[in-house]
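Each chain, letter by letter, is given below.
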Amino acid sequence: MSSIHETAVISETAKIYGDVQIEADVRIHDFVVIYDSVILSAGVVVYEGAIIGRPPVSITSLSRKISMASKTTVIGMNSVISPHSIVYADTVIGSCTLIGDGASIREGSRIGDACIIGRSVMINYNVRIGNNTKVMSLTNITGNTIIGDNVFISVLVSTANDNKLGVLGYDENRVRGPVIEDDASIGEGAVLLPSVRIGRGSIVGAGAVVTKDVPDNTLVMGVPAKVVREL
Amino acid sequence: MSSIHETAVISETAKIYGDVQIEADVRIHDFVVIYDSVILSAGVVVYEGAIIGRPPVSITSLSRKISMASKTTVIGMNSVISPHSIVYADTVIGSCTLIGDGASIREGSRIGDACIIGRSVMINYNVRIGNNTKVMSLTNITGNTIIGDNVFISVLVSTANDNKLGVLGYDENRVRGPVIEDDASIGEGAVLLPSVRIGRGSIVGAGAVVTKDVPDNTLVMGVPAKVVREL
Amino acid sequence: MSSIHETAVISETAKIYGDVQIEADVRIHDFVVIYDSVILSAGVVVYEGAIIGRPPVSITSLSRKISMASKTTVIGMNSVISPHSIVYADTVIGSCTLIGDGASIREGSRIGDACIIGRSVMINYNVRIGNNTKVMSLTNITGNTIIGDNVFISVLVSTANDNKLGVLGYDENRVRGPVIEDDASIGEGAVLLPSVRIGRGSIVGAGAVVTKDVPDNTLVMGVPAKVVREL
């Protein structure tokens, strides 16, 4: 049964399907769609055209079978969901986090507190993001990526998770995105190959193509990326 | 005159303009807009905020005159049109194909069966895509591009069709995107220059900048891309 | 008090909040949201799901304090605002300019006449763009960027404005995007570092990473970009 706090303000054009929990001072703008089992914590704002809690779509042409550990979607206190962004079911977003215009957050992802996920960013399935991390506009975070705290990922960064480019089908143990450790920074337009580790406090230069692990506190640049110096 | 099958389920907030053909078991979600002369085949699902059959907009600042061979838009059986995606008029999409969140498919394009067009992908005018081909998130497919069957194009790949960067105006014979043959794979963040041919079964490495044709069954990498080995 | 010309056609599903000025022959399609203090000049067309005049959102995790010099948003005569695009408050767009599907234009930006801003382009805060300039799909224009007249910026171009990647916080004098002078062209997938100047009539090759200023009438290519020849 739905629970909607009396101080929540919900536009008359918004659509709510199924049972949801909407806490104090939540604001839901026009043309928003909220699906079943969504929890919007106190102070959350959901802007026009955003969709929260949508189950992912399965289709025969996908190599990876869709699965969800839970159908609950939680948006933490005072977080902001921007226009036209889509937060799929089985996602947990912390407090004071901003999801930008038109971003997609896929099922199984966990995003911490005080993060910024920029405009049109794709966060694919089963991504882990810590606290105080920023992922800037038009960047793609592939499925099964792990990102720490205080990480900065600039615009138009690409990541991938399958060296076999889909030929072998999906195997969660083999198909792995990068691991980006705490305090690392990734420059604009950088390309990270599947499963590379970016060490704590390291910096990847703009436009670099990272083909192997980067140690902690190291600056790398170039195509392919090479160590420039320790930091 | 519109024909809407009795098993179709259409949200009351969806808007349908003009004459359309909506077949069995079609599902149209909230805030969808369907324009004139759209055919949604049996089992098609159209998600929130998607727009199908919109005529492209002409404006004096465009160098290319908009033209349409037909105003009919066809979505094949069991295909899925994701939220906020836009399929322009004069487009044909095959069966069991997924168009991702916020993707745009421009007029004159033809996409085959069992394809995946990822999130925020731009498929520009007069693009041909075969069957079982995947174009991943945030990739741009320029106008007049030809893509075969079983092709894999990763995320944030850019293609262009005009070496003169618009200075000479539009000429369909000169302004040509790449030709990507069957079974080829293009790595994340790769850049393909106008009219390059990527041979059958070839692989373009992540972040490569392809400035000339790639033979069949060849791996290329680097900036500019060079042959690494035969496959 | 709102002023809506009798020849304007406004969809019944569009939402208008606050006082607006809507001039002759304006057309507003379904599910559009118009906020306070928006001026839509004669002949403007606003397509489905677009949002105009939205105040930017402040959240504690943003390093830059949101400020607006004015809350007025002006769209010039005969310009087109495409589906799902968002034009924030305190923005001025000239006449005969096309804002593409799903583009975002942030507060403080000024865009001239007869420009094309492509699909899913991000124009961040306080950007200046002259007349007859094209920014193609999926490109990111960072805050505090200056772009002249007759500039061509291809697809998936990245720009950034902070060499310190956010570590020092926001200072408008230090955090500067590129300056791209009149008649310059930027190739697809190029990466421009913070505050680089691209000289008048110069060309940046596809996939180039520009780390320092480019003189007038010069072709640069490569990673990092080097001078190839004068033009």
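Just so it is clear, the structure is predicted and the values come from calculations on it, not from any experiment.

Participant: Any chance you could explain the overall build of chain A here in plain terms?
Facilitator: Secondary structure assignment for chain A yields zero helices and 32 strands. In terms of principal-axis extent, the alpha carbons of chain A reach across some 55 × 40 × 20 Å. Here the contacts in chain A between residues at least 6 apart in sequence split such that 21% fall between residues at least 24 apart.

Participant: Please clarify how the relation of the copies chain C and chain B should be interpreted in this entry.
Facilitator: In this structure, two copies of a chain are linked by a rotation about an axis accompanied by a shift along it. Mapping chain C onto chain B is achieved by rotating through 120 degrees and translating by 0.0 Å along the same axis, at an RMSD of 0.0 Å. Taken together, the rotation angle and the small translation identify this as a three-fold axis.

Participant: Looking at this structure, I do not really get the nonpolar core. What am I missing?
Facilitator: Where a protein is soluble and globular, its nonpolar side chains tend to be buried together. In this structure, Val210 of chain A, Val210 of chain B together with Val210 of chain C are the most contacted members of the largest nonpolar core, which totals 220 residues. Viewed by domain, this core spans two of them, domain 1 (1–55 + 70–123) and domain 2 (143–167 + 174–231) of chain C, each represented by three or more residues. Beyond its immediate chain neighbours, meaning those up to four positions away, Val210 of chain C contacts Ala190, Val191, Leu192, Leu193, Val196, Val204, Val220 and Ala225 of chain C.

Participant: Sorry, what's going on with the interface of chain B and chain A here?
Facilitator: Taken residue by residue, the interface counts 30 residues in chain B and 27 residues in chain A. Here the side of chain B that touches chain A is built from residues that sort into 14 nonpolar, ten polar and six charged.

Participant: What exactly am I supposed to notice about unusual backbone geometry here?
Facilitator: Comment: phi is negative for the bulk of residues other than glycine, and the bulk of peptide bonds are trans. At the junction of Val223 of chain A and Pro224 of chain A, the peptide bond is cis and its omega measures out at -10 degrees in the coordinates. Relative to the helices and strands, Pro224 of chain A resides in the loop between strand 31 (218–221) and strand 32 (226–230). With a phi close to 65 degrees, Ser37 of chain C is a non-glycine residue in the positive phi region. Mapped onto the elements of the fold, Ser37 of chain C is located in the loop between strand 6 (33–34) and strand 7 (38–40).

Participant: Would you mind going over the pairing of strand 32 (residues 226–230) of chain C with me for this structure?
Facilitator: Looking along a regular strand, one sees the side chains alternate between the two faces of the sheet. All names here are of chain C. Bridge count between strand 31 (residues 218–221) and strand 32: four bridges; the pairing is antiparallel. Looking at strand 32, one finds that Leu219 is bridged to Arg229. Linking two consecutive strands that pair antiparallel, namely strand 31 and strand 32, is a turn of four residues; a positive phi of about 95 degrees is found at Gly222 within it.

Participant: Can you walk me through the interface of chain C and chain B in this structure?
Facilitator: The parts lose accessible area when they come together, and the size of an interface is often stated as this lost area. Taken together, the contact between chain C and chain B spans 30 residues of the former and 27 residues of the latter. Residue composition of the side of chain C that touches chain B, grouped by class: 14 nonpolar, ten polar and six charged.

Participant: Hey, could you run me through the sheet that holds strand 32 (residues 226–230) of chain B in this one?
Facilitator: The strands making up a sheet associate through backbone hydrogen bonding, with each pair oriented either parallel or antiparallel. Residues and elements named next belong to chain B. Spatial strand order, 2-5-8-11-14-17-20-23-26-29-31-32: twelve strands in an open sheet with mixed pairing. Edge strands, defined here as strands with exactly one partner in the open sheet, are strand 2 (9–10) and strand 32. Both strand 23 (residues 152–153) and strand 26 (residues 185–186) contribute to a ladder of two bridges, which runs parallel. Each bridged residue has a counterpart across the sheet, and for Ile153 the counterpart in strand 26 is Ile186.

Participant: What exactly am I supposed to notice about the environment of Lys71 of chain A here?
Facilitator: Residue and element names in this part refer to chain A. Residue position: Lys71 is located in the loop between strand 9 (51–54) and strand 10 (73–75). On a C-alpha basis, the gap between Lys71 and Glu6 in space is 25 Å, while along the polypeptide they are 65 residues apart. Residues in contact with Lys71, not counting those within four places in the same chain, are Asp36, Ser37, Ala89 and Asp90.

Participant: Please clarify how the confidence of the model for chain A should be interpreted in this entry.
Facilitator: Any segment with low pLDDT has predicted coordinates that should not be analysed in fine detail. Of all residues in chain A, 100% have pLDDT values of 70 or greater, and the mean over the chain is 95. Taken together, the chains of this predicted complex give a pTM of 0.96 and an interface ipTM of 0.95.

Participant: Could you clarify how one ought to interpret the pairing of strand 9 (residues 51–54) of chain C in this entry?
Facilitator: All names here are of chain C. Looking at chain direction, strand 6 and strand 9 are connected through two bridges and run parallel. When the sheet's bridge partners are listed, Ile34 is paired in strand 9 with Ile52. As paired elements, strand 9 and strand 12 (residues 86–88) share three bridges and run parallel to each other. Following the sheet pairing, Arg54 is matched in strand 12 by Tyr88.

Thresholds, definitions, all that
- Residues numbered from 1 in each chain as written.
- Chains lettered and ligands numbered in written order.
- Predicted model: local features only at pLDDT ≥ 70, side-chain atom pairs only at ≥ 80, totals over all residues.
- Helix = DSSP H or I, 4+ residues; strand = E, 2+ residues; numbered from the N terminus.
- Contact = placed C-beta atoms within 7 Å.
- Least-squares fit on C-alpha atoms with pLDDT ≥ 70 in both.
- Core = buried A, V, L, I, M, F, W, Y, C linked by C-beta atoms within 7 Å.
- Buried ≥ 20, exposed ≤ 12 C-beta atoms within 10 Å, placed from the backbone.
- Domains from an automatic or database assignment.
- Nonpolar A, V, L, I, M, F, W, Y, C, P; charged D, E, K, R; others polar.
- Pairing = 2+ DSSP bridges.
- pLDDT = per-residue confidence, 0-100.

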